[in-house]
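Spelled out, the chains give:
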Amino acid sequence: MAREPKMNQQPPMPDMAGANMPRQQTPAPDQKVVDQASQNVMKPSSQLAAVLVSRLGAMTEEQLAELDRAITPEAAKALLMLLPELGALMEAIAQSGQAGSAPRAQQAGPQMGALSGMA
């Protein structure tokens, strides 16, 4: 007669040898790809520049003056590292001021405030 399991007895566990999957070795990223990605991250974005221009255009004269007062030359350098788009915007402003008449060129400088010396 077959032996019947008792009520509280669990059936034996199956053999688990080899059940764990080996960890896969992920290859280290190619240094050339990493360097290229780092360079791409620091390239100015035309889309981000457009957003910055839009936001600056939406600011009031008082807000722009407050921004000019708040940005020290040291802060401007840090902002240029963080947002390379600012450098391109400043160059575009400087070039548009040079291309226009002399009175307009004089107006372009003070509007840039703390960033005017960075171009």
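Undergrad: Got a minute to help me understand the nonpolar core in this structure?
TA: Grouped together as the largest cluster of nonpolar side chains are 6 residues: Ala49, Leu52, Leu80, Leu86, Leu89 and Met90. No other element matches helix α5 (residues 84-99), which puts 3 residues into this core. When neighbours within four sequence positions are excluded, Leu52 is seen to be in contact with Glu85, Leu86 and Leu89.

Undergrad: Would you explain helix α2 (residues 46-58) in this entry?
TA: Structurally, the α-helix is built with 3.6 residues per turn, so residues lying three or four positions apart point the same way. Across its 13 residues, α2 extends 18 Å between first and last C-alpha, which sits within 8% of the 18 Å expected from 1.5 Å per residue. Where α2 begins, the side chain of Ser45 points an oxygen toward the backbone nitrogen of Gln47, at a separation of 3.3 Å.

Undergrad: Explain the side chain of Glu85 to me, please; I cannot follow it from the model alone.
TA: Its place among the elements puts Glu85 in helix α5. Buried and unpaired, Glu85 has no salt bridge, with Arg55 as the nearest side chain of opposite charge at 11 Å. Once you skip the residues sitting within four places of it in the chain, Glu85 turns out to touch Lys43, Pro44, Ser45, Leu48, Ala49 and Leu52.

Undergrad: Help me understand the confidence of the model for the protein chain, please; the structure alone is not making it clear to me.
TA: Low-confidence regions, as indicated by low pLDDT, have predicted coordinates that should not be scrutinised in detail. Confidence in the prediction of the protein chain, expressed as mean pLDDT, is 78, and 76% of residues score 70 or more. Considering only residues more than four positions removed or in separate chains, one finds that residues 101-110, a stretch of pLDDT under 50, has 5 contacts.

The rules behind the values
Residues numbered from 1 in each chain as written. Predicted model: local features only at pLDDT ≥ 70, side-chain atom pairs only at ≥ 80, totals over all residues. Heavy atoms only, no water. Core = buried A, V, L, I, M, F, W, Y, C linked by side-chain atoms within 4.5 Å. Buried < 20%, exposed > 50% of the residue type's maximum accessible area, 1.4 Å probe, protein only. Helix = DSSP H or I, 4+ residues; strand = E, 2+ residues; numbered from the N terminus. Contact = heavy atoms within 4.5 Å. Expected span 1.5 Å × (residues − 1). Polar contact = N/O pair within 3.5 Å; in protein donor to acceptor, adjacent residues only side chain to side chain. Lys, Arg positive; Asp, Glu negative; His and termini not counted. Salt bridge = Lys/Arg side-chain N within 4 Å of Asp/Glu carboxyl O. pLDDT = per-residue confidence, 0-100.

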